[in-house]
Amino acid sequence: RIWSKHNQSAERASSVLFDTVAVQLAIRQDFCTMERLNLRVTDDGFTVIDDKGKRIDTATGWKDLPGYYDFLVNRLTTATKR
């Protein structure tokens, strides 16, 4: 309902929120298991581990998925001061 405002579709479906984990990782990384991996993107668009790839801090799993959900809901529903 927050995202749809006056749109009645909120009763039937939710909006799609892309990249919420990527944004969260820019803020804090404690919800995820982090590994420094050498990665590259293949010609057909897959990200793969490759010894010659670029070394990147990578989220490879969850440490606290319920905590992330609480964090996300709080960020989306808390009014900001302007």
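Above this note sits the structure.
Residues numbered from 1 in each chain as written. Predicted model: local features only at pLDDT ≥ 70, side-chain atom pairs only at ≥ 80, totals over all residues. Heavy atoms only, no water.

K.L.:
I'd love a proper account of the packing of helix H1 (residues 20-27) against helix H2 (residues 65-77), names of residues and values included.
P.N.:
It is the contact of H1 with H2, at a shortest axis distance of 11 Å, that shows an interaxial angle of 95 degrees. One finds that H1 runs roughly perpendicular with respect to H2. Contacts from Thr-20, Val-21, Gln-24 and Ile-27 of H1 reach H2 at Tyr-68, Phe-71, Leu-72 and Arg-75. Classifying every residue of the contact of H1 with H2 by side-chain character gives 5 nonpolar, 2 polar and 1 charged. (Axes fitted to C-alpha atoms, helices over the stretch in contact; angles between N-to-C directions. Helix = DSSP H or I, 4+ residues; strand = E, 2+ residues; numbered from the N terminus. Parallel < 35°, antiparallel > 145°, perpendicular 65-115°, else oblique. Contact = heavy atoms within 4.5 Å. Nonpolar A, V, L, I, M, F, W, Y, C, P; charged D, E, K, R; others polar.)

K.L.:
Hey, could you go over the pairing of strand E1 (residues 32-41) for me, with residue numbers and the actual values?
P.N.:
Here E1 pairs with strand E3 (residues 54-62) via 8 bridges, running antiparallel. Within E3, the position partnered with Glu-35 by the bridge is Thr-58. Sheet analysis places E1 next to strand E2 (residues 47-49), joined by 3 bridges and oriented antiparallel. What sits directly across from Arg-40, in E2, is Val-48. (Pairing = 2+ DSSP bridges.)

K.L.:
How would you explain the environment of Glu-35 if you had to name every residue and give the values?
P.N.:
Secondary-structure assignment places Glu-35 in strand E1. Glu-35 sits in the partly exposed class, given a relative accessible area of 38%. In this structure the C-alpha to C-alpha distance between Glu-35 and Thr-58, which are 23 residues apart in sequence, comes to 5.2 Å. Those residues in contact with Glu-35 that sit more than four places away from it in its chain are Ile-56, Asp-57, Thr-58 and Thr-60. Polar side-chain contacts of Glu-35 include one of 2.7 Å to the side chain of Thr-60. (Buried < 20%, exposed > 50% of the residue type's maximum accessible area, 1.4 Å probe, protein only. Polar contact = N/O pair within 3.5 Å; in protein donor to acceptor, adjacent residues only side chain to side chain.)

K.L.:
Any details on the sheet that holds E3? Residues and values, ideally.
P.N.:
Across a sheet, strands are paired by hydrogen bonds formed along the backbone, either parallel or antiparallel in direction. Pairing is antiparallel across the open sheet formed by 3 strands, whose spatial order is E2-E1-E3. Of all the strands in the sheet, just E2 and E3 have a single pairing partner and so form its edges. Taken pair by pair, the neighbouring strands of this sheet meet at an average axis angle of 60 degrees, ignoring direction.

K.L.:
Lay out H2 with the relevant residues and their values.
P.N.:
With 13 residues, H2 ought to run about 18 Å at 1.5 Å a step, and its terminal C-alpha atoms sit 18 Å apart, in line with that. Of all the residues in H2, the buried ones are Gly-67, Tyr-68, Phe-71 and Leu-72. Down the axis of H2, the smallest arc covering the buried residues is 135 degrees, so these residues share one side. In H2, the exposed residues that point more than 90 degrees away from the buried face are Pro-66 and Asp-70. Among the structural elements, H1 and E3 are those in contact with the buried residues of H2. (Expected span 1.5 Å × (residues − 1). Arc of directions from axis to C-beta.)

Any functional reading would require information beyond the geometric quantities listed.
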